[in-house]
Amino acid sequence: MSKPLENVEVALFVTCLVDINRPSVGFAAVKLLEQSGCKVVVPNAQTCCGQPAYNSGDKQSTKDIAKNVIRAFKSFRYVVAPSGSCAGMIKKHYPELFADDPEMLLEAQDLAARTHELVSFLNDIADFEPDDVKLDKKVTYHDSCSSLREMKVKDQPRELLGEVDDLELIEAEDREACCGFGGTFCIKYSEISEEMVDQKIANLLATKADIVTAGDLGCLMNIAGRLSRKGHKMKVLHVAEILAGMGDKPGIAEGRD
Amino acid sequence: MQVTSRKFKENAHEAMQDENLRAALGRVKEGFTAKRAEAAADLPEFEDLRDQARDIKDHVLENLDYYLEYFEKKVIEAGGVVHWCSNAKEAKETILKICRDVDAKTVTKGKSMITEEIGLNKFLESEGIEPIETDLGEYIIQLADEPPSHIIGPAVHKTKEQVTELFHEHHQQYGYTEREEDAEKLVGEARAVLRHKYVVADVGITGANFLVAETGSTAIVTNEGNGDLTQSLPKTHIAVASIEKVIPTLEDVSTVMRVLARSATGQEMSVYTTFSTGPKRSDDIDGPENFHVVLLDGGRSEMIGTELQELLRCIRCGACMNHCPVYHAVGGHSYGWVYPGPIGAALNPQMVGIEEARHLPNASSFCGRCEEVCPVRIPIPKILRHWREKAFEQQISPKPERWGIELWGFFAKRPWAYRLMTKVAVRVLGLMGGKNGKIKSLPMNNGWTAVRDLPAPQGATFMEQWKKQEGR
């Protein structure tokens, strides 16, 4: 049976954190999209979605950055990001940003309509199923705020993880509570962020899972960084890495191969 | 009250060291959130009701002048008086004059955030009139001489042991010489002490959850019945309310009430819902002889027609703070003014100035849970962002922060420069990470590494690696 997106061009929005910190998430995304039959394109003119500026109140810089993103992704049927946060920025906030600029608003709305978070795209649109992926581990999934509330990603990652052979999914207490990342929040209010991430890792550790996963690298770097600082051994991986069969590679903050 | 929002970080630091507070906040988090979730799940039409409640409040805000004047007309028809006050000072003086006219010595009070907002208790005390809070939580914090830390649970930051000590200190004069440790008996003790106060009070002051335009009634919801005694026993009842509390009809009140208690405490309804319409009539057995409504604008009419208008839909249920991870961490007093939590972070910059309250809209991870649970769907994160934009425009945000963002913006706007910068950055960070692949401390940016390790980049950037692979 042919796949619904056979040979359809899909543009990958890599996201700045993946680009800089964990390219393997980007390659996992490419692999998953290609397994779904898509033809993956990575536009070279992309940088960041503009969220750091947007959340710091710098509206003009955000608009300039957003215009660059809109231009870079103009001609693609689908735009996919391995992050609910960056996808949410484009989908929900770009149209808000250009509310008073009718011409740009149309372009922002057009891009918003074509933009998807990776896991929900794979599950809801691409009819993706993990291909002979096996991981004999206990895994707990953290709902990142943007994935959950802006992109309505909740069941999709759980469904896909459920199809990985031997993987046991364990739900944590308060899994919908924020991990304390919040972009620049975790730097500007590090003490409050610390309190929040400690609460989060206490709930994660209580599951006795081997691996914690999520769809947003920001949250994962925050959780991994705190687990590492406190000397806990729980492994941290992006959900795309698990689905792409990279679950046995070193986790975030774990060093290199 | 004295505004300490400027010291939010210091306030929060102290709060997080306070073991009693942490214990008390743990209960807010578990109790209120679970109960609200159950109550919402039990009512299939809950989401529709939220839409209806939002629409009712929006309709009122679009026609506020009409409904306020209609309300006044109905209050007068029922034999009451409406006092229009544009600010806290006018409201306090109006209330004082009413008290003086009946030669009041003591005043009982039902729970009212507006009287906290205008600082009524301290003002009355300075004028020689003794205010007595009758809501148990308000009574506790009055004894402790503290402001409320939550809009529906003013003493939610106190543990039972702290209440035992407070009562022991203040109730010995009434003959309670033993330290009482049982919660139910503590409530009984407060009840017995307060019972006498209701009877001798000259004036009863309450807030109002709703001002019903259709009937000229004020309505309060309580769980203790203290509001009823406050407003029906003294000869004079003053209801103090801000202008956005007006609502067209009793039918609308019932719609909004269906989301109010469920969002607040998870109850289907509060235990008492009391409507007051004018003073005692000739055939009434009890009730006040004089009925006054003090209507406060307090900066609210300036919010109409601006990005802040949606904040005026707030029905003060407290759901946003009950679900806020920042509130759970720092408690209500850290916010430094009357309204804590997400709604306070959105509202206080308007009330006390963005320069004073700059931290509040910034101290949010934008997790969005407040908006998710708000019964009238106030887009709180959007309003917090509005304040961040104002602070950035007015250059109130700290310089290093603005420079950092501008520098990042410079690169993010120029893909070629960005590629170059990231290429260098990953190599530097990679070297710093060494074999372990993590960075323990960063010279420029210790906000991250103060509490967490920074995972070092895996190697070359994705874009570099992708470029090499292209044409696979």
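In what follows, the structure referred to is the one given above.
Presented here is a report on the structure given in the accompanying data block.

Rules and cut-offs
- Residues numbered from 1 in each chain as written.
- Chains lettered and ligands numbered in written order.
- Predicted model: local features only at pLDDT ≥ 70, side-chain atom pairs only at ≥ 80, totals over all residues.
- Heavy atoms only, no water.
- 1 Å grid on protein atoms, 1.4 Å probe; cavity = no way out; pocket = protein on both sides within 12 Å on 5 of 7 lines; lining within 4 Å.
- Points joined across faces, edges and corners; volume = space filled by probe spheres on them.
- Helix = DSSP H or I, 4+ residues; strand = E, 2+ residues; numbered from the N terminus.
- Nonpolar A, V, L, I, M, F, W, Y, C, P; charged D, E, K, R; others polar.
- Axes fitted to C-alpha atoms, helices over the stretch in contact; angles between N-to-C directions.
- Parallel < 35°, antiparallel > 145°, perpendicular 65-115°, else oblique.
- Left-handed = near helix turned anticlockwise from the far one by under 90°.
- Contact = heavy atoms within 4.5 Å.
- Expected span 1.5 Å × (residues − 1).
- Buried < 20%, exposed > 50% of the residue type's maximum accessible area, 1.4 Å probe, protein only.
- Arc of directions from axis to C-beta.
- Pairing = 2+ DSSP bridges.
- Salt bridge = Lys/Arg side-chain N within 4 Å of Asp/Glu carboxyl O.
- Buried area = accessible area lost by both parts, 1.4 Å probe.
- Polar contact = N/O pair within 3.5 Å; in protein donor to acceptor, adjacent residues only side chain to side chain.

The subject of this paragraph is empty space enclosed by the protein. Residue and element names in this part refer to chain B. Applying the stated criterion to the full structure yields five cavities of 30 Å³ or more. Roughly 160 Å³ of internal volume is contained in the largest cavity. If you list the elements that add at least two residues to the lining of the largest cavity, you get α14 (325–330), α15 (341–352), α18 (369–373) and α19 (380–393). Space inside the second largest cavity adds up to approximately 80 Å³. Looking at the second largest cavity, it is lined by 13 residues, and the ones nearest its centre are Cys314, Cys317, Cys320, Cys374 and Pro375. For the lining of the second largest cavity, the class distribution of residues is 11 nonpolar, one polar and one charged.

As a further point, take the packing of helix α3 (residues 46–62) of chain B against helix α12 (residues 250–264) of chain B. All names here are of chain B. Two numbers describe how α3 lies on α12: the axes approach to 9 Å, and their chain directions differ by 125°. By the angle between their axes, α3 is oblique relative to α12. Judged by the twist between their axes, the crossing of α3 over α12 is left-handed. Note on element contacts: α12 touches α3 through Asp252, Thr255, Val256, Arg258, Val259, Arg262 and Ser263, opposite Phe46, Leu49, Arg50, Gln52, Ala53 and Ile56. Broken down by class, the residue content of the contact of α3 with α12 amounts to six nonpolar, three polar and four charged.

Here we come to α3 of chain B. All names here are of chain B. For α3, which comprises 17 residues, the first-to-last C-alpha distance of 24 Å matches the rise-based estimate of 24 Å (1.5 Å per residue) to within 8%. Turning to α3, its buried residues number three or more, namely Phe46, Leu49, Arg50, Ala53, Ile56, Lys57, Val60 and Leu61. The buried residues of α3 all sit within an arc of 135° when viewed along its axis, so they share a single face. Its buried side turned inward, α3 meets α2 (19–41), α4 (64–77), β8 (246–247), α12 and α18.

Another aspect to go through is the sheet that holds strand β1 (residues 9–12) of chain A. All names here are of chain A. One open sheet holds the four strands; their spatial order is β2-β1-β3-β4, and the pairing between them is parallel. Two strands lie at the open edges of the sheet, namely β2 (39–41) and β4 (115–117), each paired on one side alone. Averaged over all neighbouring strand pairs, the angle between strand axes comes to 35°, with direction disregarded. Across the sheet, helix α6 (residues 102–114) touches β3 (78–81) and β4, and the angle it forms with β4 is around 40°. Where helix α7 (residues 118–125) meets the sheet, it contacts β1, β3 and β4, and its direction lies at approximately 100° from that of β4.

Let us look at the pattern of salt bridges. One pass over the full model with this rule turns up 45 salt bridges over all chains. Linking Lys29 of chain B and Asp174 of chain A is a salt bridge whose minimum nitrogen-to-oxygen distance equals 3.9 Å. Taken together, the positions of Lys29 of chain B in helix α2 and Asp174 of chain A in the loop between β6 (168–169) and α10 (185–188) put the pair across two chains. Given the relative accessible area of 16%, Lys29 of chain B is considered buried. By relative accessible area, Asp174 of chain A is classed as partly exposed at 32%. Across the salt bridge formed by Arg229 of chain A and Asp453 of chain B, the nearest N and O atoms sit 2.7 Å from each other. Here Arg229 of chain A, found in helix α12 (residues 217–229), pairs with Asp453 of chain B, found in the loop between α22 (446–449) and β12 (454–455), and the two come from separate chains. Sharing partners across several salt bridges, the network here consists of Glu47, Arg50, Asp51, Arg54, Asp55 and Arg377 of chain B.

Turning our eyes to something else, we now look at the interface of chain B and chain A. How big an interface is tends to be reported as the loss of accessible area on association of its parts. Taken together, the 67 residues of chain B in the interface contact 68 residues of chain A. Counting each side, the surface lost to burial between chain B and chain A is near 6,000 Å², with a carbon and sulfur contribution of 56%. At the surface where chain B touches chain A, the tally comes to seven salt bridges. For the salt bridge of Arg22 of chain B with Glu195 of chain A, the shortest nitrogen-to-oxygen distance reads 3.1 Å. For the interface between chain B and chain A, the tally reads 31 residue pairs in polar contact (both at pLDDT 80 or more). Ranked by the residues each element gives to the side of chain B that touches chain A, the list is headed by helix α20 (residues 399–412) of chain B, at seven residues. For the side of chain B that touches chain A, a count of residues per class yields 29 nonpolar, 19 polar and 19 charged.

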